[in-house]
Amino acid sequence: MSDRLSVFKTYKLYVGGKFPRSESGRVYEVSDSKNKWLANAPLSSRKDARDAVVAARKAQGGWAGRTAYLRGQILYRVAEMLEGRKDQFVREVAEAEGLSKSKAAVVVDAAIDRWVWYAGWTDKVAQIVGGGNPVAGPFFNLSSPEPTGVVTVVAPQKSSFLGLVSVIAPVIATGNTAVVIASEDSPLPALSLGEVLATSDLPGGVVNILSGRTAEIAPSLAAHQDVNAIDLAGVEDDVLAKELEVAAADNLKRVVRPQPVDWSADPGTHRLTAFLETKTVWHPTGSLGASGSAY
Amino acid sequence: MTSPFEYAPAPESRSVVDIAPSYGLFIDGEFTEAADGKVFKTVSPSSEEVLSEVAQASSEDVDRAVKAARKAFEKWSVLPGAERAKYLFRIARIIQERSRELAVLETLDNGKPIKETRDADLPLVAAHFFYYAGWADKLDHAGYGANPRPLGVAGQVIPWNFPLLMLAWKIAPALATGNTVVLKPAETTPLSALFFADICRQAGLPKGVVNILPGYGDAGAALTAHPDVNKVAFTGSTAVGKAIARQVAGTDKKVTLELGGKGANIVFDDAPIDQAVEGIVTGIFFNQGQVCCAGSRLLVQESVQDEVLDALKRRLSTLRLGDPLDKNTDIGAINSAEQLARITALAETGEAEGAERWSAPCELPSSGYWFAPTLFTNVTQAHTVARDEIFGPVLSVLTFRTPEEAVAKANNTQYGLSAGIWTEKGSRILAVADRLRAGVIWANTFNKFDPTSPFGGYKESGYGREGGRHGLEAYLDV
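All of these numbers come straight from a predicted model, not from anything done at the bench.

**Concerning the overall build of chain A**
Thinking step 1. Scanning chain A from terminus to terminus reveals 10 helices and 10 strands.
Thinking step 2. Taken over the C-alpha trace, chain A has a radius of gyration of 21 Å; the compact-globule value for 295 residues is 19 Å, and the two agree within 12%.
Thinking step 3. Residues counted as buried form 52% of the 295 residues belonging to chain A.
Thinking step 4. Taking all contacts inside chain A whose residues are at least 6 apart in sequence as the whole, residues at least 24 apart take part in 76%.

Put into C-alpha cells, the structure is as follows:
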C-alpha cells in the first residue's frame, strides 16, 4: 500500500477552446453512485451559457466552411485521442454510472466507435439527403444540406458518455456548432471530453461544454435568439421540456423532443438530419442543342 | 396619348364554372352544414360581388372531421401503395380535365389573373398529384428505411394566395404516404378546395380520407390543437406559425411550417439587365406580390442602379392591371379589403420614414381591391419596408458595392426563405448562393416551382420542406 497522496483534478468548463471556471464562481458536489464525493464541478450560470453561445456563433462559419473531408479527419482524430485516454473514461464512467470496470469499458468502446461512425458521415450526408431534382423545365436544380447553425444540446442524464457522444457528434459532423449541457449528476465524463476535444484539432468554440443545473441554464439557451436549434435529449421533466419547446418557438428553433432512446442501438441518421437545412438552387440551363443536334 | 400597347379586351368566359349559391363543409364524404349553422360569404376581390355562401366550421365541426379522418385512416393506411397511387393518379387526371373550370374559379375567388391560374397554378396542381402518386408504392425506396409508417390524421391549414396549389402541396404527399387529412382553406378563398372535394368524389376516394373545413382562424387553431391530430402542416404568417409551435409544444405532433419571407433579389453589375428586370418583375409582382418567397428586396449594385431602375420603371409602366379574367391582364386584384389595408398602411409607413415612393401609372378600377405596382428607393436596412413582409406589390430597392455587402444585407433579416442572384459570372453565383441563408435560391431566374424540387425556409421562415423526396418526410414516422 503506497502512502502517496493522489492528485485531485479541478474540473472546468470548456468554452471557446478554453477552460474557464464558471463566471459565477460557484461549484457543486459531484458524487458517485454510492454518494462518495468525486469532485466539485462548475455550477454554470446563465452568463456562462450566453458566453458559450457567443463562442459557438463565432466558430460556426469557419467550421461549416471547412471541407467535409477535413471535418471527418478532425472527428476521427477525436476518436484517436479518446482511444488513448480510454482508461480515464472507463474509470469516470464506472464511477458516474455505477458500472463495473468491464461494463464501463464496453460503454466507452461503444462511444469511441460511435464517434468513428459519425466521422465517416461528414462527407456522405450530402449525397444521401441532397441531389439534383428532375424539374419539368430547362433548369439545373440542386438541393444540398447545410448546417442549421448553433445547436443547444441537453445531454442525456443517465448515459453520461455514450449518450453524450451520441448527441454531440451528429451535431458537429454536419457543420453546426454546439453548446452542451452535461448530465447534471454525472458531468465529469463530459468535462473530460472537453479536454480531449481541445487536443484534437477541433477549432475552439465548435463544442462548448457546461456543467450545472439543467433547469437553470437550459431556459436561457432555449430562449436565446442566436441559437438555431435545441436537442432536448436529457430533459427528463415533462413540464420543463414543454417550457423549453415553447421558449424555442420564439425564433422558431428546430427542436428535437426528448424521447426514450437506447443509446447502445444503431442511432440511424435522425439526429444527423435534424440539424440540417435543405438549400435548393435553380439556374437556367439554356438550350445549346435545342434542335436536337449534337453540340 | 394612347399607348401603342393597348390591347382589346380578351375576357375568359365565366360560363365554364358553375358556382352554387351555397356550400357546406365536406366531412366524411358528404357536404354538411356547420354544427352551429354559421355561414360566411366569399366575394370576388376584383368586383366585390358575392360569389357564394359557405358553411363556417367551428371546433365541433373540427372534431367531427377529425373523427371521420381517424376512422378512414384505419383502411387508407393499410391499402397497398399501388392502390393509393391509382387514386392520386385519378385525381391528377381529373384536375387536368377540369383545369379550365378550376382556373376561372380560382381567379374569381382569389383575384389573381387568369394568365397565372391557367399557366402556373393549375399545371402545378396536377403535377403535384402526379408526382406524389408515383411515390405511394415506392416509399421503401425513399431513403427513410424499409416500411416507413404514416403518422395518422394530418391537420392542414393553408393560405389564400395560392388556394388550390397549397392544397395540392399539402394533400398529395399526405395521401401518398397513407395519412388522412382535414384541411382548412382560408376564409377568403374556400371555393376551389370545395370543388376539390367534388373531384375526390369523382375519383371515388374513400369517405373521410379528405375532409375540407372552410372557416376562420379559430377553426384552424381548433384543428392544430386537436388532440387526435398527429401531424400539423401550416402555410401562412410567421406570427401564426410561432403560435402553432407553442401550441404543439410537449405533444407528439409532428409539425411543418412554411412561413413568411423577405427575399433578396441581388443584381450584380454584369447581370443581363433585360432578363434581370423581367426577373425582378416576376419576383415581386407575380400574384400581386402576395407570395411568401417574393423577391421583395431588390439589392442592386450601385454602378448599375440607374440603368436597372430606369428599365424597371419603363417595364412596370407597360404592365396591365385590371379584370383578372382578361387574358391580357398582368396584375389582378388584392385578395381582400383587409390585405389591401395592410399593404396601404405599410406603404404609407415607407413614405413616412423617408423612402421615396414610385407607383406605376395605371388606372385602378372603381370597385374591388387594387394596388398599383409600387417601388421604394432611398431605402435603408432600418426601414420598415425593408424589414417587414408586405405581401403585396411593393418592392424596396437597396444598393450595395461589393458581393460581401450584398450577402450581408441579404442575410440581414429574420427570414430565410428565398433569394435571387443575377450575374453572368458562374463562380460568383455559386459563391454567393453558398453564403445566402435561404432555402430556395434562384440564379438568373425567379419564382420557379416544381413538384420534384423541395421548398422551404431557414430561420423564421419555418421548418420542413415541401415538394420532392424531402416533402415525404413530413408525413412519415421517421
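**Notes on the overall build of chain B**
Thinking step 1. Helix and strand content of chain B: 15 helices and 17 strands.
Thinking step 2. Taking 2.2 N^0.38 as the reference for a compact globule, 478 residues should give roughly 23 Å; the C-alpha atoms of chain B span a radius of gyration of 22 Å, in line with that estimate.
Thinking step 3. When the backbone C-alpha atoms are referred to their principal axes, chain B occupies close to 65 × 50 × 35 Å.
Thinking step 4. For chain B, the residues scored as buried account for 63% of the 478 residues in total.
Thinking step 5. Considering only intrachain contacts with a sequence separation of at least 6, the fraction spanning at least 24 residues in chain B is 76%.
Thinking step 6. Carbon together with sulfur atoms contributes 50% to the accessible area of chain B, which is approximately 17000 Å² in total.
Thinking step 7. Measuring between centres, the 48 positive side-chain charges of chain B sit 5 Å from its 58 negative side-chain charges.

**What to know about the packing of helix H2 (residues 81–97) of chain B against helix H4 (residues 114–135) of chain B**
All names here are of chain B.
Thinking step 1. Packing of H2 against H4 brings their axes to within 8 Å, and their N-to-C directions diverge by 165 degrees. By the angle between their directions, the pair H2 and H4 is classed as roughly antiparallel. For the element pair H2 and H4, the recorded crossing hand is left-handed. Each of Ala-85, Leu-88, Phe-89, Ile-91, Ala-92, Arg-93, Ile-95 and Gln-96 in H2 lies in contact with H4, whose residues at this interface are Leu-122, Val-125, Ala-126, Phe-129, Phe-130, Tyr-132, Ala-133 and Gly-134.
Thinking step 2. A breakdown of the residues in the contact of H2 with H4 according to their chemical character gives 13 nonpolar, 2 polar and 1 charged.

**Section: the nonpolar core**
Thinking step 1. Residues Ile95(B), Phe129(B), Leu167(B), Phe196(B), Val210(B) and Leu312(B) are the most contacted members of the largest nonpolar core, which totals 114 residues.
Thinking step 2. If you tally residues by element for this core, the top one is helix H5 (residues 163–176) of chain B, at 11 residues.
Thinking step 3. Residues in contact with Phe129(B), not counting those within four places in the same chain, are Leu88(B), Ile91(B), Ala92(B), Ile95(B), Leu167(B), Ala168(B), Ile171(B), Ala172(B) and Phe196(B).
Thinking step 4. Ranked by size, the runner-up nonpolar core spans 63 residues in total, among them Ala79(A), Ala111(A), Val167(A) and Leu188(A).

**A closer look at the pairing of strand E10 (residues 254–258) of chain B**
All names here are of chain B.
Thinking step 1. Judged by how many residues are buried, E10 sits mostly within the fold: 4 of 5 residues are covered.
Thinking step 2. Of the pairings in the sheet, the one linking strand E9 (residues 231–235) to E10 comprises 5 bridges and is parallel in character. Bridging across to E10, Ala-233 finds its partner in Thr-256.
Thinking step 3. In this fold, E9 hands off to helix H8 (residues 238–247), which returns the chain to E10; that crossover is right-handed.

**Describing the side chain of Ser211(A)**
Residues and elements named next belong to chain A.
Thinking step 1. With respect to the element layout, Ser-211 can be found in the loop between strand E7 (207–210) and helix H8 (214–223).
Thinking step 2. There is a polar contact of 2.7 Å between the side chain of Ser-211 and the backbone oxygen of Pro-42.
Thinking step 3. Aside from chain neighbours lying at most four places away, what touches Ser-211 is Leu-13, Tyr-28, Ala-41, Pro-42, Leu-43, Ser-44, Pro-187, Leu-191 and Ile-217.

**Concerning helix H6 (residues 162–173) of chain A**
Residues and elements named next belong to chain A.
Thinking step 1. Taking 1.5 Å of rise per residue, 12 residues should cover 16 Å, and H6 covers 16 Å from first to last C-alpha, within 8% of that figure.
Thinking step 2. The buried fraction of H6 is high, at 12 of 12 residues.
Thinking step 3. Buried residues of H6: Leu-162, Gly-163, Leu-164, Val-165, Ser-166, Val-167, Ile-168, Ala-169, Pro-170, Val-171, Ile-172 and Ala-173, and no others.

**Let's talk about the sheet that holds strand E4 (residues 139–147) of chain A**
Thinking step 1. If you trace the 10 strands from one edge of the open sheet to the other, you get E3(A)-E4(A)-E10(A)-E17(B)-E16(B)-E11(B)-E12(B)-E15(B)-E14(B)-E13(B), paired in mixed fashion. The open sheet terminates on both sides in strands that have one partner only, identified here as strand E3 (131–132) of chain A together with strand E13 (356–359) of chain B.
Thinking step 2. The pairing of E4(A) with strand E10 (residues 276–284) of chain A spans 9 bridges and is classified as antiparallel. Across the sheet, residue Glu146(A) finds its bridge partner in E10(A), namely Glu277(A).
Thinking step 3. Here helix H10 (residues 305–316) of chain B sits on the sheet and contacts strand E11 (264–267), strand E12 (297–301), E13, strand E14 (374–377) and strand E15 (394–400) of chain B; the angle it forms with E14(B), its principal contact strand, is near 160 degrees.

**Digging into the interface of chain B and chain A**
Thinking step 1. Between chain B and chain A, the residue contacts involve 44 residues of the former and 33 residues of the latter.
Thinking step 2. Roughly 2900 Å² is buried in total at the junction of chain B and chain A, and carbon and sulfur atoms are behind 51% of that figure.
Thinking step 3. Counting the surface chain B buries against chain A, the share from its top three residues, Arg246(B), Tyr458(B) and Tyr463(B), is 16%.
Thinking step 4. Where chain B meets chain A, there are 2 salt bridges.

**Re the packing of aromatic side chains**
Thinking step 1. Under the definition given, this model contains 21 aromatic pairs over all chains.
Thinking step 2. Judged by centre distance (5.8 Å) and plane angle (85 degrees), the ring pair of Trp117(A) and Trp121(A) falls under edge-to-face.
Thinking step 3. Centre to centre, the rings of Trp76(B) and Tyr87(B) are 5.6 Å apart; their planes meet at 50 degrees, and the pair counts as tilted. Taken together, the residues span a long stretch of sequence, with Trp76(B) in helix H1 (residues 59–76) and Tyr87(B) in helix H2 at a distance of 11 residues.
Thinking step 4. Each member of the aromatic cluster is reached from another via a ring pair, and the members are Trp169(B), Trp442(B), Phe446(B), Phe449(B) and Phe455(B).

**Quick notes on the environment of Val54(B)**
All names here are of chain B.
Thinking step 1. Looking at the secondary structure, you find Val-54 in strand E5 (residues 50–55).
Thinking step 2. Residues Val-54 and Tyr-23, 31 residues apart in the sequence, show an inter-C-alpha distance of 4.8 Å.
Thinking step 3. Apart from residues no more than four positions distant in its own chain, Val-54 is found in contact with Tyr-23, Lys-38, Val-39, Phe-40, Thr-42, Pro-190, Leu-191, Leu-194 and Pro-214.

**Some words on the sheet that holds strand E8 (residues 229–231) of chain A**
Residues and elements named next belong to chain A.
Thinking step 1. Spatially, 5 strands are ordered E7-E6-E5-E8-E9 in an open sheet, and the strand pairing comes out parallel. Where the open sheet ends on each side, the last strands, each with one partner, are E7 and strand E9 (254–256). Direction aside, the axes of adjacent strands within the sheet are offset by 15 degrees on average.
Thinking step 2. As judged from the 3 bridges shared by strand E5 (residues 150–154) and E8, these two strands associate in the parallel manner.

**Digging into the pattern of salt bridges**
Pairs can form between side chains of opposite charge once their charged atoms are near each other.
Residues and elements named next belong to chain B.
Thinking step 1. Scanning all chains against the criterion turns up 41 salt bridges over all chains.
Thinking step 2. Between Lys-67 and Asp-63 there is a salt bridge, and its shortest N-O distance comes to 2.8 Å. Placement of both Lys-67 and Asp-63 in helix H1 is noted, with a separation of 4 residues, approximately one turn of the helix.
Thinking step 3. With a relative accessible area of 53%, Lys-67 lands in the exposed category.
Thinking step 4. Judged by relative accessible area, Asp-63 falls into the partly exposed class, the value being 28%.
Thinking step 5. A single salt-bridge network, built from bridges that share partners, covers Arg-98, Glu-101, Asp-198 and Arg-201.

**A look at the environment of Ala382(B)**
All names here are of chain B.
Thinking step 1. Structurally, Ala-382 is set in the loop between E14 and helix H12 (384–387).
Thinking step 2. Taking relative accessible area as the criterion, Ala-382 reaches 65% and is therefore assigned exposed.
Thinking step 3. With 13 residues separating them along the chain, Ala-382 and Tyr-369 place their C-alpha atoms 29 Å apart.

**Here we look at the confidence of the model for chain B**
Thinking step 1. Per-residue confidence for chain B gives a mean pLDDT of 97; residues scoring 70 or more make up 99%.
Thinking step 2. Both scores are given for the predicted complex: the pTM is 0.96, the ipTM 0.96.

**Section: H8(A)**
Thinking step 1. For H8(A), the set of buried residues is Thr214(A), Ile217(A), Ala218(A), Ser220(A), Leu221(A) and Ala222(A).
Thinking step 2. Tucked into the core, H8(A) has its buried residues touching helix H1 (46–65), E5, strand E6 (177–181), E7, E8 and helix H9 (238–248) of chain A.

Criteria and cut-off values
- In this convention, every chain numbers its residues from 1, walking through the sequence in written order.
- Here the convention is simple: chains get letters from A, ligands get numbers from 1, in the order in which they are written.
- Residues qualify for local features only when their pLDDT is at least 70, as the model is predicted, and side-chain atom pairs are given and counted only at 80 or more; totals for whole chains, interfaces and linings, by contrast, use all residues.
- Heavy atoms throughout the structure, all of them, feed into the side-chain values; hydrogens and water do not.
- Numbered from the N terminus, helices here are DSSP runs of H or I no shorter than four residues, and strands are runs of E no shorter than two.
- Here the globule rule reads 2.2 Å times residues to the power 0.38, and the radius of gyration is calculated from C-alpha atoms.
- Relative accessibility thresholds used throughout: buried, under 20% of the residue-type maximum; exposed, over 50%; partly exposed, between the two (1.4 Å probe, protein chains only).
- By the convention used here, residues are in contact when the closest approach between their heavy atoms is within 4.5 Å.
- Only the protein chains shown count as cover for residues, with accessible areas throughout obtained via the Shrake-Rupley method and a probe of 1.4 Å.
- His is not counted, nor are the chain ends, whereas Lys and Arg count as positive and Asp and Glu as negative.
- Where a charge sits is defined by one atom per residue type, namely NZ (Lys), CZ (Arg), CG (Asp) or CD (Glu).
- The axes used here are C-alpha line fits, helices contributing only the stretch in contact, and every angle between their N-to-C directions lies in the interval 0 to 180 degrees.
- In what follows, roughly perpendicular refers to angles from 65 to 115 degrees, roughly parallel to angles under 35, roughly antiparallel to angles over 145, and oblique to any angle outside these ranges.
- Each crossing is labelled by how the near helix is turned from the far one, with a counterclockwise turn of less than a right angle marking it left-handed and a clockwise turn marking it right-handed.
- Under the scheme applied, nonpolar residues are Ala, Val, Leu, Ile, Met, Phe, Trp, Tyr, Cys and Pro; charged residues are Asp, Glu, Lys and Arg; polar residues are all the others, including Gly.
- In these notes, a set of buried Ala, Val, Leu, Ile, Met, Phe, Trp, Tyr and Cys residues joined through side-chain atoms within 4.5 Å is what counts as a nonpolar core.
- Whether two strands pair comes down to DSSP finding at least two bridges between them.
- Crossovers are marked right-handed if the path from the first strand over the helix to the second runs clockwise, as seen with the strands pointing away from the viewer.
- A 3.5 Å cut-off defines polar contacts: any pair of N or O atoms within that distance qualifies, except that in protein one atom must be a possible hydrogen donor and the other a possible acceptor, and neighbouring residues in sequence count only when both atoms are side-chain atoms.
- What a helix is expected to span follows from its residue count: subtract one and scale by 1.5 Å.
- Accessible area that two parts lose when put together, evaluated with a 1.4 Å probe and summed over both, is termed the buried area.
- One speaks of a salt bridge when a side-chain nitrogen belonging to Lys or Arg is within 4 Å of a carboxyl oxygen belonging to Asp or Glu.
- The aromatic pairing rule takes the rings of Phe, Tyr and Trp, using the six-membered ring of Trp, and pairs them if the centres are within 6.5 Å, calling planes under 30 degrees apart stacked, those over 60 edge-to-face and the rest tilted.
- One confidence number per residue, pLDDT, is output by the predictor and ranges from 0 to 100.

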